[in-house]
2 protein chains.
Amino acid sequence: MLKLKAKYLDIEPRYPLVIMNIDDAKEIGANNTDRVLVTFKKKSKIVVVETTATIVPSGSIGLNRRAMKYGITTDDYLYVDPAEKPVSVEYIKKKLRGAELTKKECEVIISDINDNKINDIELGAYVSAIYMHDFTDRELIAITRKMVSTGATFKWKNNNVVDKHSIGGVPGNRVTPIIVAIATSAGLVMPKTSSRAITSPSGTADTLEVWCNVDQPTDKIQDVIDKTGGCFVWGGNMDIAPTDDKIIRGEYPLSIDPEGQLLASVMAKKAAMGAKAVVIDIPFGSESKVESLSKARSLARRFKALGKSLGVKIECAVTRGEQPIGHGIGPVLECMDILSVLEGKGPKDLREKSLELSGMLLKLTKKGDRKTAEDILNSGMALKKFRQIVVAQEGNPDLNLRSLVGRHGVNVKASRSGTVTRIYNHRISRIARIAGAPKDKGAGIYMHVKIDDIVKKGDRLFDIYSEKKIKLGHAQKICAENYPIDIEEKDNMLVEEI
Amino acid sequence: MLKLKAKYLDIEPRYPLVIMNIDDAKEIGANNTDRVLVTFKKKSKIVVVETTATIVPSGSIGLNRRAMKYGITTDDYLYVDPAEKPVSVEYIKKKLRGAELTKKECEVIISDINDNKINDIELGAYVSAIYMHDFTDRELIAITRKMVSTGATFKWKNNNVVDKHSIGGVPGNRVTPIIVAIATSAGLVMPKTSSRAITSPSGTADTLEVWCNVDQPTDKIQDVIDKTGGCFVWGGNMDIAPTDDKIIRGEYPLSIDPEGQLLASVMAKKAAMGAKAVVIDIPFGSESKVESLSKARSLARRFKALGKSLGVKIECAVTRGEQPIGHGIGPVLECMDILSVLEGKGPKDLREKSLELSGMLLKLTKKGDRKTAEDILNSGMALKKFRQIVVAQEGNPDLNLRSLVGRHGVNVKASRSGTVTRIYNHRISRIARIAGAPKDKGAGIYMHVKIDDIVKKGDRLFDIYSEKKIKLGHAQKICAENYPIDIEEKDNMLVEEI
């Protein structure tokens, strides 16, 4: 056991870790990325260690901000012992070899990931194993249940608690606030948490942040829901199935989202929020996450089976995902679409999809159907409810959205006449991101066309908006290099003469 | 493009990376663990980025010591652009899915790992993919060749350049210095590089460091070899197949050593050192890395095939690995065994194994056989050569080894009479490490018995030595909990009455 003096090193981004001088580490036989048992005031915790020859002198121990959370201050003395490799590493290897894990083994893996005992290399191996072998049904249930129980869970007096989730990948798919407004108007409770964008031009939380404060403490969220039935919050700070964020950390660099892990992560969050009925939106198409209708159907079946074992009623909506929804892509531009639908106007696809999904929630809870949803929307009740939630979250529903759109804009026009045959979601998203979304709220794209529209040379296809001139320039350049819209003479077999 | 001021953060242990304030990172759309293109004085390099809210202020960029190697000093301005994910990540995923990689894809993976463009999560996925699917023959050749060409390579005037490698896992297996002394006495060139212990009580480099400086600059190594024909150096700073250390970084936390990667790593180093003939020692047995004779044979066949494609003659020695070799385990204690064999004495197993492997090298190069090796050893020529190399490496061959043995010692005695039926290599190693090896050179274990020895209750089985009393106490405790030797009445079917 070594006795070392604490030294605060604010290395924020990673799991709680300690940095030891290489001589001290050798003294207890610990190598870089090993685990050590750190004891402070009789409380012990196993953490990942990194070694350094210079930044921490022998006799001291460097702690990052997350490690410092445990009440340790600089110059406190800590005791350090070598710790065994966590047993979950053996289970990850077992899964890598293709064997089925027991319930207990699944639970240990999730709890070790959640307790930050797994280093990045091991996390890469876990994600790889699921990518290759997926979960069996039994593993899926065990992993999901454990993901629920390692975080905060919510209970509600009203038993009609509903939720929705979209598999994502479709730009402008901002149905959530509209559905929340309709469902809560019908007397349902919908404690909706949303995410921020990682690789997309905007997450629902990024968009709603234009209107109100989406980062609320848990007791405040309870207040908002008690008052309005719903909420528009970012789930990132709420400790709901917190292992999910840690697993995403491993999926992100590899751009993989193994189906089993997706099922577990979505359903763990819904179960933790206390939802009793959930509608899952599964957009499919060559430009969305789920490529084919058959894959969408099989995913839907797995969602329903998992929901059953968790006591959550599930309906899946397999939806068209081959092109962006609405006009706006990027926070402020999406807000304009949302408000327009709530005011009883367009865009038509966003309105239709919101009504269909709301109708499914109403049916699941025996509160009505699509017609009910449409009546609520047309009556202005949904708009009123929406404004009520925004105000409850310290927001201003009367924002002049148009004034917030990026002041540098450009119209992109058709270079030929013909039919719009394809819109590339990934390219649209990339251009919107390079224009500044989601960081610059007013940046993004405003679409003027949909697939099958007939356009004439010189017609406006879409606009790019940016808050900074230089970003608009970059976005235009990327747009020219990876043009996001195909226009063809539809009845012509010859596409192009080169 | 962002222009940021350099700030030196000595975070040593990891790949070159930069730390950006989260606002600056968002400005260019980069997330934690993404890559960015950093430009300084018109030179650009892609590096992994981590983000922080506090440690680096917006407008600055944190660089670790490795990144600072590129001549950047604090307050220099750097330009930062977003960079695409390296294409090798797609190839790693292809391999995860079980597909065969093309030569080009193998090369890009190795070169991206070597250039530190692969983050830890992706490295975990690479190692997992090889663990699961191994390399095909074609992949193995491509990976090995690329590992050679990404580092330094050596050429020698004398064409009789030989080398040896042991798969490892057997404590006390310190044949290397004896073989180097014999082979170079016979006129062969043996530019031997060795490793330090990672999880074992001593690597050859740790042991030889008792006598001489094993960390020599490359030109000095050339001098020593020109003068003596051989050398005893640590390979860690020599830039030979440098990707290997980076891959080991990914294998270590998972305790996996996929066969294909082992083959590539070993042969890349031998080829880079210019070896024309190599003997591979493959110890097998339940207590060594290779468990069965059939696995040892199949590994041997793959070594020979790979050697052929690289133009290196290979002979494999499948050896007994079920118990430690020699008496000493730990740097100084192993030195005593080595010197004893060079002086024409025991331990018998260490002497025998050294002679067999030396004989194989002499045969491969048509310089003789086992008998030749024995004559060289018995004549004292090998001892003389050994002393010559030690002196050439600024060492003292007349060291009083006995005085360097840890002064805290304990004899471990048989608690019953019977036959030694099993010696647990892993437990022996662990006890020696806890006693302080390899950091404390005088720490370790001295074995008095071998398997099949008949012992009486109270006979000495082994001694534990330590430089610090407290470490001896820990070692004794671990020894009692995980007793490393089984003694049984061999002809008795009843092992124990409990």
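None of these values were measured; they are calculated from a predicted model. (Residues numbered from 1 in each chain as written. Chains lettered and ligands numbered in written order. Predicted model: local features only at pLDDT ≥ 70, side-chain atom pairs only at ≥ 80, totals over all residues. Heavy atoms only, no water.)

## Notes on helix H16 (residues 381–392) of chain A
Since the α-helix turns once every 3.6 residues, residues separated by three or four places project in the same direction. All names here are of chain A. Its twelve residues give H16 an end-to-end C-alpha distance of 16 Å, which sits within 8% of 16 Å, the value for a rise of 1.5 Å per residue. Looking at H16, one finds that the buried residues are Ala382, Lys385, Phe386, Ile389, Val390 and Ala392. Projected onto a plane normal to the axis of H16, the buried residues spread over an arc of 165° and lie on a single side. Against helix H7 (176–185), helix H8 (204–208), helix H9 (218–228), helix H13 (331–342) and helix H15 (370–378) lie the buried residues of H16. Positive backbone phi, at 60°, marks Glu394, one or two positions downstream of H16. (Helix = DSSP H or I, 4+ residues; strand = E, 2+ residues; numbered from the N terminus. Expected span 1.5 Å × (residues − 1). Buried < 20%, exposed > 50% of the residue type's maximum accessible area, 1.4 Å probe, protein only. Arc of directions from axis to C-beta. Contact = heavy atoms within 4.5 Å.)

## Here's the deal with the packing of helix H9 (residues 218–228) of chain B against helix H16 (residues 381–392) of chain B
Residues and elements named next belong to chain B. Two numbers describe how H9 lies on H16: the axes approach to 10 Å, and their chain directions differ by 155°. Between H9 and H16, the angle is such that the two are roughly antiparallel. Where H9 crosses over H16, the handedness of that crossing is right-handed. Here Lys220, Val224, Lys227 and Thr228 of H9 come into contact with H16, specifically with Lys385, Gln388, Ile389 and Ala392. Broken down by class, the residue content of the contact of H9 with H16 amounts to three nonpolar, two polar and three charged. (Axes fitted to C-alpha atoms, helices over the stretch in contact; angles between N-to-C directions. Parallel < 35°, antiparallel > 145°, perpendicular 65-115°, else oblique. Left-handed = near helix turned anticlockwise from the far one by under 90°. Nonpolar A, V, L, I, M, F, W, Y, C, P; charged D, E, K, R; others polar.)

## Considerations on the sheet that holds strand S10 (residues 277–284) of chain A
Residue and element names in this part refer to chain A. What the three strands build is an open sheet, ordered S7-S10-S11; its pairing is parallel. Either end of the sheet is taken by a strand with one partner, and the two such strands are strand S7 (162–166) and strand S11 (313–320). Strand-to-strand twist of the sheet, defined as the mean angle between neighbouring strand axes without regard to direction, takes the value 20°. Note: S7 against S10, five bridges, orientation parallel. Residue pairing across strands places His165 opposite Ile280, the latter belonging to S10. The strands touched by helix H11 (residues 259–272) within the sheet are S7, S10 and S11, with S7 carrying the most contacts at an inclination of about 160°. (Pairing = 2+ DSSP bridges.)

## Some details on the pattern of salt bridges
Oppositely charged side chains can form a pair if their charged atoms are brought close together. Within this structure, the stated rule accounts for 76 salt bridges over all chains. Glu343(A) is the partner of Lys345(A) in a salt bridge, and the nearest nitrogen-oxygen pair spans 3.3 Å. For Arg370(A), the salt bridge is made with Glu352(A), and the minimal N-O distance between the two is 2.8 Å. Placement of Arg370(A) in helix H15 and of Glu352(A) in helix H14 (residues 348–364) is noted, with a sequence separation of 18 residues between them. Among the charged side chains, a network of salt bridges with common partners joins Glu27(A), Lys439(B), Asp440(B), Lys468(B) and Lys471(B). (Salt bridge = Lys/Arg side-chain N within 4 Å of Asp/Glu carboxyl O.)

## Quick word on the nonpolar core
Nonpolar side chains tend toward joint burial in soluble globular proteins. Within the largest apolar cluster, 220 residues are counted, with the highest numbers of intra-cluster contacts made by Tyr126(A), Phe303(A), Tyr126(B) and Phe303(B). Contact partners of Tyr126(B), with chain neighbours within four places excluded, come to Ile92(B), Ile109(B), Ile110(B), Ile113(B), Phe135(B), Ile143(B), Ile247(B) and Gln261(B). (Core = buried A, V, L, I, M, F, W, Y, C linked by side-chain atoms within 4.5 Å.)

## Remarks on the sheet that holds strand S13 (residues 408–413) of chain B
All names here are of chain B. Strand order across the open sheet formed by four strands is S12-S15-S17-S13, with antiparallel pairing between neighbours. One side of each edge strand has no neighbouring strand; the edge strands of this open sheet are strand S12 (328–329) and S13. Looking at chain direction, S12 and strand S15 (residues 444–447) are connected through two bridges and run antiparallel. Counterpart to Ile329 in the pairing with S15 is Ile445. Of the strands in this sheet, S13 and strand S17 (460–466) touch helix H18 (residues 469–481), which is tilted by about 145° from S17.

## Some thoughts on the packing of aromatic side chains
With the rule as written, the count across this model stands at six aromatic pairs over all chains. Between the aromatic rings of Trp211(A) and Phe386(A), the centroid separation amounts to 4.9 Å while the plane-to-plane angle is 80°, which identifies the pairing as edge-to-face. With Trp211(A) in the loop between H8 and H9 and Phe386(A) in helix H16, this pair connects stretches of sequence that are 175 residues apart. The burial state of Trp211(A) is the same as that of Phe386(A); both residues are buried. Ring centres 5.9 Å apart and planes at 10° place the aromatic pair Phe154(B) and Trp156(B) in the stacked group. Among the residues examined, Phe154(B) registers a relative accessible area of 7% and is labelled buried. Assessed through its relative accessible area of 15%, Trp156(B) is described here as buried. Of the aromatic side chains, those joined through ring pairs into one cluster are Trp211(A), Phe232(A) and Phe386(A). The aromatic ring of Tyr252(B) is capped on one face by Lys85(A), whose charged end is 5.4 Å from the ring centroid. The ring of Tyr424(A) has Arg427(A) lying over it, and the distance from NZ or CZ to the ring centre is 4.3 Å. (Phe/Tyr/Trp six-rings, centres within 6.5 Å; stacked < 30°, edge-to-face > 60°. Lys NZ or Arg CZ within 6 Å of the ring centre and 35° of its normal.)

## A word on the state of the cysteines
When the sulfur atoms of two cysteines share a covalent bond, that bond is a disulfide. Inspection of every chain in the model, using the stated rule, returns zero disulfides over all chains. Distance from the sulfur of Cys335(A), which forms no disulfide, to the nearest cysteine sulfur (Cys212(A)) is 9.0 Å. You can call Cys335(A) buried: its relative accessible area is 0%. Counting only cysteine sulfurs, Cys212(B) is the nearest neighbor of Cys231(B), a cysteine outside any disulfide, at a range of 9.8 Å. Under the relative-accessibility criterion, Cys231(B) is labelled buried at 0%. (Disulfide = S-S within 2.5 Å.)

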